[in-house]
Amino acid sequence: MPAVYDMLSRMKAKVDAGRSILYQTARYVDIYKALDDISRERKLTPEERAEQKKYTRLADAFTPLAKGMNSEYANQNAYDAIQIHGGSGFIMEYKSQRLYRDARIFSIYEGTTQLQVVAAIRYITNGTYLTMMKEMLETEVAEELRPLKVRVEEMVKRYEQSINYVKESGSQEVNDLLARRLYDMTAEIIMSLLILDDATRAPELFTKSAHVYIRMAEEDVLGKSAFVTRFIAEDLKYYRQMPIE
């Protein structure tokens, strides 16, 4: 039973964290689109133009994270739902089989997950996401959530080290191979910060998910950081496509 609890709690945490980044992205899109609408009726003030530029950039940066990660989480949760139901989950009498088939398209249409990585990578390498993370870390959290915030702070440090390592490699091929890992780290840290904020505002709804998600993200971020910072250009030969006879 503990294994099932772990699986269910991770599924719930992914839903809550995914919702957090979706709502934040929608907020940025709503603001810049509202300013676009106003600009068609009258000239924007300098302050409004600055806001329009800021929120357009934020929407552009967050959209590939929200789309890519929620698509992947939909697939993972649908897969786990089948696993929890066992053989019954695969038969037509259960909804999980339909959700499992439907979820697969999410990471393909309107831009595959790999295309979301391509869209996000420039914001990773130019430090946009890192700056956002550091700004978000300045937000106060509930006292009982501070140990979780300390975990996220350590993840941000590892993330910054990973980015600097890749940039210092000077190899585009290394950059391309490690891009997906940097993307996953980026999204998981930002979602950790967002769900921390949600748990501070609505502890009865999100505290459990914050604990589960941040531990899950920590496991992934620290592992990917170790992979990235130990990768050397000579390792590329193991990943290049082998000839097919």
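Structure: above.
Cut-offs and rules
Residues numbered from 1 in each chain as written. Predicted model: local features only at pLDDT ≥ 70, side-chain atom pairs only at ≥ 80, totals over all residues. Heavy atoms only, no water. Core = buried A, V, L, I, M, F, W, Y, C linked by side-chain atoms within 4.5 Å. Buried < 20%, exposed > 50% of the residue type's maximum accessible area, 1.4 Å probe, protein only. Helix = DSSP H or I, 4+ residues; strand = E, 2+ residues; numbered from the N terminus. Contact = heavy atoms within 4.5 Å. Axes fitted to C-alpha atoms, helices over the stretch in contact; angles between N-to-C directions. Parallel < 35°, antiparallel > 145°, perpendicular 65-115°, else oblique. Nonpolar A, V, L, I, M, F, W, Y, C, P; charged D, E, K, R; others polar. Phe/Tyr/Trp six-rings, centres within 6.5 Å; stacked < 30°, edge-to-face > 60°. Lys NZ or Arg CZ within 6 Å of the ring centre and 35° of its normal.

Peer 1: For this particular structure, what's the right way to read the nonpolar core?
Peer 2: The nonpolar side chains of soluble globular proteins are, as a tendency, buried together. Counting 61 residues, the largest nonpolar core has Tyr129, Val152, Tyr159, Ile189 and Tyr213 as the members making the most contacts within it. A per-element tally of this core places helix α7 (residues 172-201) first, with 15 residues. When sequence neighbours within four positions are dropped, the list of residues in contact with Tyr213 reads Ala13, Lys14, Ala17, Tyr73, Glu188, Met191, Ser192 and Ile195.

Peer 1: Sorry if this is basic, but what is going on with the packing of helix α2 (residues 46-85) against α7 here?
Peer 2: In helix packing, the relevant descriptors are the interaxial angle and the interaxial distance, both defined with respect to the helix axes. Where α2 contacts α7, the axes come no closer than 10 Å and their chain directions differ by 95°. Overall, the two elements α2 and α7 adopt an arrangement that is roughly perpendicular. Residues Phe62, Pro64, Leu65, Gly68, Met69, Glu72 and Tyr73 of α2 lie in contact with α7, whose contacting residues are Arg180, Tyr183, Asp184, Thr186, Ala187, Glu188, Ile190, Met191 and Leu194. For the contact of α2 with α7, the per-class residue count stands at ten nonpolar, two polar and four charged.

Peer 1: Is there a simple way to think about the packing of aromatic side chains in this case?
Peer 2: Each aromatic ring pair is specified by the distance between its two centres and by the angle formed by the two planes. With the rule as written, the count across this model stands at eight aromatic pairs. Aromatic pair Tyr73 and Tyr213: ring centres 6.4 Å apart, planes at 75°, arrangement edge-to-face. Placement of Tyr73 in helix α2 and of Tyr213 in helix α8 (residues 203-229) is noted, with a sequence separation of 140 residues between them. Each member of the pair, Tyr73 as well as Tyr213, carries the same accessibility label: buried. Centre to centre, the rings of Tyr123 and Tyr129 are 5.9 Å apart; their planes meet at 65°, and the pair counts as edge-to-face. Given a relative accessible area of 6%, Tyr123 falls into the buried group. Within the aromatic cluster, the residues linked to one another by ring pairs are Tyr28, Tyr55 and Phe62. Taking NZ or CZ as reference, Lys67 lies 5.7 Å from the ring centre of Tyr109, over its face.

Such coordinate-based values are descriptive only and should not be taken to indicate function.
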